[in-house]
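Listed below are the residues making up each chain.
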Amino acid sequence: MEQTLSLKCVYCGSGGPFNEEHVFSAGMGGNDKSFILIDLVCCKCNSEIFSKLELSVMRRSPTGIRRKFSQSKSRDRGPNTRAPSIETSSHFIIDNHGRCLEAEYAADGTNTMLAQILIEDNKVYFTASSDTHLRKLYSELARALEMPVIHLIDKVKGSNKTFDVTTYEWFEDEYIQLASEVLSKPPAIGIWLETFADKHPNASPRVYQRLAGQLNLRIPPKGDPAQLLRSMRRTLPSMSAKKKSTTESLIEQPIVHIEMNADLESITRVLAKTGVNLLIHTFGKEFVARPEFDKVKKFALTGIPARPLSSLGDKAKYFTNILFGSIPKQSHCAMLVGVLAQNHTYDIYFNVCLYGSDFHSVLIATELPPDTFFEPIYLLVNHEKNSIRKLSWLEYQVEILERPNNLFKQ
């Protein structure tokens, strides 16, 4: 009991409770069985802060897009393991006529055009990747529109837990608004409302169905959702006749356009935390208990004080070649290194190359005394095998230069 009470979270100083913290994010390839910090990071810091930060990086950042196309699977969860996914505010395939058609990534990562009905110049266009998808869209839309009232659901900006719900009633050949309210839970039956960004002022309004079954209505910035629903309802009979003769759509080598609300700061905070974790795993929690690490731990937790973004952008290839050489395929490479500073002190940087091209550099601590200096530490993470290796500077040089294909062989 005394030992339990003496434990303190290395990030916030609380007495727990604790859970296991991965040195390197499991969702990006970290090992679930080793490179784990036990009884060092509290549940609040781990689950409520770090896990959400990592999820934001994997779903809503440039790194997440690279992960989507470079990593075949997310964290290993047995039969529930899925391909990586990203959250987009819009995801379009550009067809041969220049139209932006709604699309989505399927569970296997395939870029899939959704079933949709577009209104353009008072004409109705149907398109889908399969006739089955189109028939399902029509059936669900008809069921929603034939009800006496219909709910349009819109997420409140900046919140995932509150929803603007507007209720319309069909009365004398038009939709009349009955109520508008903010709810903590969306109605079970309704149509989700989305608006095109201002950069798409002339985009065609449409109704489409996500692969999971959700109906969506997307309108121009100043569009009238009630008017569009009225047009859809009045043309249901002709839609039914037309959909029977619709052929499946196939676009060869489609142009894909993705928009997301990118979170650029989270990757810097996640990598700052990863660098601290690696120091703890290597030297113990006492090493980062020094006051020189207080700023980076606070930044990882809160984002304050703000730090420059870690991504080196156009210089990524140059620094990757200089610091890491030829990185093994399907691997991330990271390095903790001390750099000589003024007054015989040194600074620690955590340099990382993710998915072969995404280079970041994070300042971990400054003005450390000479007696804490250490040789560069390398970390190789195979994101396909969830395998991690820690190497010294000499081990890294020898293995990369002489046996680059044998790093993860058993």
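Just above sits the structure.
Please read these numbers as outputs of a predicted model, since none were measured by experiment. (Residues numbered from 1 in each chain as written. Predicted model: local features only at pLDDT ≥ 70, side-chain atom pairs only at ≥ 80, totals over all residues. Heavy atoms only, no water.)

**Student:** Looking at this structure, I do not really get the overall build of the chain. What am I missing?
**Tutor:** The number of helices and strands found in the chain is ten helices and 19 strands. Considering the chain as a whole, with its 410 residues, one finds that 46% of them fall into the buried category. Relative to all contacts within the chain whose residues are 6 or more apart in sequence, the contacts with residues 24 or more apart total 59%. Here the chain has roughly 21600 Å² of accessible surface; of this, 51% comes from carbon and sulfur atoms. (Helix = DSSP H or I, 4+ residues; strand = E, 2+ residues; numbered from the N terminus. Buried < 20%, exposed > 50% of the residue type's maximum accessible area, 1.4 Å probe, protein only. Contact = heavy atoms within 4.5 Å. Areas by Shrake-Rupley, 256 points an atom, 1.4 Å probe, with all protein chains shown as cover.)

**Student:** Please clarify how the pattern of salt bridges should be interpreted in this entry.
**Tutor:** Working definition: two side chains of opposite charge can pair if their charged atoms are close together. Enumeration over the complete set of coordinates arrives at 18 salt bridges. Put simply, R234 and D173 hold a salt bridge, and the shortest N to O gap is 3.8 Å. Of this pair, R234 sits in helix α5 (residues 225-234) while D173 sits in the loop between β9 (163-170) and β10 (175-183), and the two are 61 residues apart along the sequence. Under the relative-accessibility criterion, D173 is labelled partly exposed at 34%. A salt bridge links R269 to E265, with the shortest nitrogen-to-oxygen separation between them at 3.9 Å. Placement of both R269 and E265 in helix α7 (residues 265-283) is noted, with a separation of four residues, approximately one turn of the helix. What makes E265 partly exposed here is its relative accessible area of 30%. Beyond isolated ion pairs, a larger network of salt bridges with shared partners links E102, E104, E194, R206, R210 and R218. (Salt bridge = Lys/Arg side-chain N within 4 Å of Asp/Glu carboxyl O.)

**Student:** Looking at this structure, I do not really get the packing of aromatic side chains. What am I missing?
**Tutor:** What describes a pair of aromatic rings is the distance from one ring centre to the other and the angle between the planes of the rings. All chains considered together, the criterion is met by 16 aromatic pairs. Centre to centre, the rings of F319 and F359 are 5.9 Å apart; their planes meet at 25 degrees, and the pair counts as stacked. Of this pair, F319 sits in helix α9 (residues 316-324) while F359 sits in strand β17 (residues 358-368), placing them 40 residues apart in sequence. An aromatic cluster is defined as three or more aromatic residues linked by ring pairs; in this entry it consists of F283, F287, F293, Y346, F373 and F374. (Phe/Tyr/Trp six-rings, centres within 6.5 Å; stacked < 30°, edge-to-face > 60°.)

**Student:** How should the sheet that holds strand β7 (residues 123-127) be read in this particular structure?
**Tutor:** Backbone-to-backbone hydrogen bonds pair the strands of a sheet. The strands run either parallel or antiparallel. Pairing is mixed in the open sheet, where eight strands are placed in the order β7-β6-β12-β13-β11-β8-β9-β10. Whereas interior strands pair on both sides, the edge strands pair on one side only; in this sheet they are β7 and β10. On average, adjacent strands in this sheet sit at an angle of 25 degrees to one another, irrespective of strand direction. Taken together, the five bridges between strand β6 (residues 115-120) and β7 define a ladder with antiparallel strand orientation. In the sheet register, E120 faces β7, and the bridge partner there is K123. (Pairing = 2+ DSSP bridges. Axes fitted to C-alpha atoms, helices over the stretch in contact; angles between N-to-C directions.)

**Student:** Explain α9 here, please?
**Tutor:** Owing to its 3.6 residues per turn, the α-helix aligns residues three or four sequence positions apart on the same side. Along α9, the residues classified as buried are A316, T320 and F324. For α9, the angular spread of the buried residues around the axis is 30 degrees, confining them to a single face. Turned more than 90 degrees from where α9 packs its buried face, Y318 and I322 sit exposed. G325 occupies a position one or two residues after α9 and carries a positive phi of about 65 degrees. (Arc of directions from axis to C-beta.)

**Student:** Looking at this structure, how should I read the nonpolar core?
**Tutor:** Within soluble globular proteins, side chains that are nonpolar generally end up buried alongside one another. Counting 50 residues, the largest nonpolar core has Y11, V41, L279, F293, I348 and I364 as its most contacted members. Listing elements by their share of this core, those giving two or more residues are α2 (43-59), α7, α8 (294-302), β15 (331-340), β16 (346-354), β17 and β18 (377-382). In terms of residue count, α7 provides more of this core than any other element does, eight residues in total. Each residue touching L279, except ones within four places of it in the same chain, is listed here: G284, F287, V288, F293, L336, I348, I364 and F374. Among the nonpolar cores identified, the runner-up in size contains 28 residues, and F126, L134, Y138 and M232 belong to it. (Core = buried A, V, L, I, M, F, W, Y, C linked by side-chain atoms within 4.5 Å.)

**Student:** Teacher, can you tell me more about the sheet that holds β18 here?
**Tutor:** Spatial ordering of the open sheet is given by β17-β16-β15-β18-β19, a layout of five strands whose pairing is antiparallel. The sheet terminates laterally at β17 and β19 (387-392), the two strands that pair on one side only. Looking at each pair of strands side by side, their axes are set apart by 15 degrees on average, direction ignored.

**Student:** Whenever I open this one, the side chain of D347 confuses me. Can you help?
**Tutor:** Structurally, D347 is set in strand β16. Among the polar contacts listed, one links the side chain of D347 to the backbone nitrogen of E367, at a separation of 3.0 Å. Residue contacts for D347: discarding those within four places in its chain leaves V337, G338, V339, A341, L363, A365, T366 and E367. (Polar contact = N/O pair within 3.5 Å; in protein donor to acceptor, adjacent residues only side chain to side chain.)

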